[in-house]
Amino acid sequence: MNFSRVTVPTLKEKPADAEIASHELLIRAGMMRNVAAGIYTFLPLGASALAKVENIVREEMNRAGACEIVLPNLHPAEAWRESGRWFQYGQEMMRLTDRQGRAFCLGPTAEELVTLAVAKSAPSYRDLPVNLYQIQTKYRDEIRPRFGLLRCREFRMKDAYSFHASYEDLDATYKRMYEAYVAMAKRCSLDVRVVEAPTGLIGGDVSHEFMVLSGVGEDIVVHCLNCDYGANAELEKHQPGRRFGTDSSYPLEEVHTPGLVSVTEVASFLDSSANNVIKCVLYVAGDELIAAFVPGYRELSEVKLARALGTDNFHPMREDERELFPQVTVGFVGPVGLSGVRALFDEELKGKKGLICGANRLDYHYRGVEEGRDFKAEPLVDIALATDGDRCVVCGSELIVTRGIEIGHIFKLGEKYSKPLNALFTDADGSLKPIVMGTYGIGTSRMLATIVEQHHDEKGIKWPKAIAPVDVEVITLNPDREEQLIAGREIYENMIKAGFSVLLDERELSAGVKFNDADLIGIPVQVIIGRKTSEQRTIDLKVRYTGERFEFPADGIEEKIIKVFNDIC
Ligand SMILES: [Zn+2]
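Computed from a prediction, not measured in an experiment: that's the story for all the values here.

Attention shifts here to the packing of aromatic side chains. Scanning the model with the defined rule gives 10 aromatic pairs in all. Ring geometry for Trp80 against Tyr89: centres 5.6 Å apart, planes inclined by 85°, an arrangement best described as edge-to-face. You'll find Trp80 and Tyr89 in the same group, each marked buried. Judged by centre distance (6.3 Å) and plane angle (55°), the ring pair of Tyr174 and Tyr440 falls under tilted. Residue Tyr174 is found in helix H6 (residues 167–187), and its partner Tyr440 is found in strand E24 (residues 436–443); the two are separated by 266 residues along the sequence. Given the relative accessible area of 0%, Tyr440 is considered buried. Grouped by ring-pair contacts, the aromatic residues Tyr178, Tyr181 and Phe210 constitute a single cluster. When the ring centre of Trp86 is taken as origin, the NZ or CZ atom of Arg95, which lies over that ring, is 4.6 Å away.

Attention shifts here to the pairing of strand E28 (residues 502–505). In E28, alternate side chains face the same way, and those of Val502 and Leu504 on one face and Leu503 and Asp505 on the other are all buried. Of the pairings in the sheet, the one linking strand E27 (residues 472–476) to E28 comprises four bridges and is parallel in character. Bridged to Val474 within E28 is Leu504. With helix H10 (residues 482–497) bridging E27 and the parallel E28, this β-α-β connection has right-handed handedness.

So, about the coordination of the zinc ion. Surrounding the zinc ion are the protein donor atoms Cys224 (SG), Cys227 (SG), Cys392 (SG) and Cys395 (SG), which sit 2.2 to 2.4 Å from the metal. Seen from the zinc ion, its four donor atoms lie at angles of 99 to 116°, and the figure they make is tetrahedral. Expressed as a motif, the donor residue spacing for the zinc ion is C-x2-C-x164-C-x2-C. Of this pair, Cys224 sits in strand E11 (residues 219–224) while Cys392 is found in the loop between strand E20 (380–381) and strand E21 (399–414), placing the two residues 168 residues apart along the sequence. Taking relative accessible area as the criterion, Cys392 reaches 1% and is therefore assigned buried.

The subject of this paragraph is the environment of Phe550. With respect to the helices and strands, the residue Phe550 is situated in strand E31 (residues 549–553). Classification of Phe550 as partly exposed rests on a relative accessible area of 28%. Sequence spacing of Phe550 and Val564 is 14 residues, and the spatial spacing of their C-alpha atoms is 9.0 Å. Those residues in contact with Phe550 that sit more than four places away from it in its chain are Ile539, Asp540, Leu541, Val543 and Val564.

Here is what the cut-offs are and how they apply
- Residues numbered from 1 in each chain as written.
- Predicted model: local features only at pLDDT ≥ 70, side-chain atom pairs only at ≥ 80, totals over all residues.
- Heavy atoms only, no water.
- Phe/Tyr/Trp six-rings, centres within 6.5 Å; stacked < 30°, edge-to-face > 60°.
- Buried < 20%, exposed > 50% of the residue type's maximum accessible area, 1.4 Å probe, protein only.
- Helix = DSSP H or I, 4+ residues; strand = E, 2+ residues; numbered from the N terminus.
- Lys NZ or Arg CZ within 6 Å of the ring centre and 35° of its normal.
- Pairing = 2+ DSSP bridges.
- Right-handed = clockwise from strand over helix to strand, strands pointing away.
- Donors = N, O, S within 2.8 Å, 3.2 Å for Na, K, Ca; no water.
- Tetrahedral: all angles 85-135°; square planar, octahedral: opposite > 155°, others 65-115°.
- Contact = heavy atoms within 4.5 Å.

Functional significance is not addressed by these values, which are geometric in nature.
Structure below.
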């Protein structure tokens, strides 16, 4: 491929809306362009890298025994109405109407269509299992698209659906998909953690998320340093790594704490620590006020709170809502003598002594508070998030709380779709039974962005070899000198003949601009044709990932390029 302003339109300046490295670099390196919020065009290099990711995914799916299909993007509403998700999905679904007034959506996922397709063939137990997948463009009406390819309205995804005559058989395929996903991540040079996850809108009994640890991730991941234990913020379990409260009992005492509302302010004023303070977080759900109490040294997990309340329809109390709830003194709310509020208590509060909490009157706190004596922690729920220093519930080793990007999610669905959609199979005894299902998604465009997040430096992208849009870049520094132009073009032709993909930069621009562009684009091997080629018949090679440089004689340079390329991991 010839480097031009059209094929690889690099930019010096960071796009104004780019908040993270992958968004900035994929645009600046001329890999993609924004069309509208959360909608992108992939230019030649971006399309090539995306195809590399998708081919790895395809190969691993085929190896695991799945078959590729192509489902439509335009889904009739009827299928979604039958499963009940036409309404459940809410505003995230892209909906449209044809000229005859029939309702459609642009598919965000395809459980309905694929289940109906399989059901129509009236399978017997002998036809199962079947695992069907597609790599497709998907749609979601994100309220606030952001972070480039990480949160889009149009994105690429591999979605697979498996069909079984028994739950044992589903378990076997689920395990193979789990292993295939780990293999895909590894081949894409992604450091992935598999965590237990809630099933959400897709439904079913068991699910796992494939999380790439990253500071820009929107999810919280808790994982063990020693064993395989990992879970997301909603499901994680932890053993406290420190003591909350004191061993001995103290009398309940009201203390004057003028203007002190934060856990740290109150603790330090009373010569104590967050390890002894009960933290109160206020939420509003409809017209009800909720006071959630957690240990002062922990964060409350809103996803756990949603599970405890059975709804995610709540928000932290706003300033302008205070007058609606005169029964509480915001900043000084505690469980002792609290009334007119729905209170929830984290499990760790049970039986604890020597605590500090708000006294439910302005500028006062209690100390010496004891659960069971001064208040009852009921209902007791798991609403606090793990914190560094906590211990693994499986092996007792140290837990780490970090952020992650979810690239894949697999689910054991069971009969969740086959029952309402009446997708049945004939069992060995002749009876009709609902097909047992699994579903397996991995975001390929999101993987592409995640690879850039994990593999870049201040100069640009450092593509892992397996994903690099092109293998080798030939840079002709002085295309006005005929011997350099010819040398560059010869290497370009020879490398293509040898089975490599090559980008040729013979633009009439300064060496500095071309070097910067080469580092920005991040092709694994740079072949530099310049003054040394004219004067001493040598050529420099540079490995983008490590910055290593080599000088070789121009004659037989192709062999050297191949060796350097093969030596890169
Ligand atoms: Zn562990």
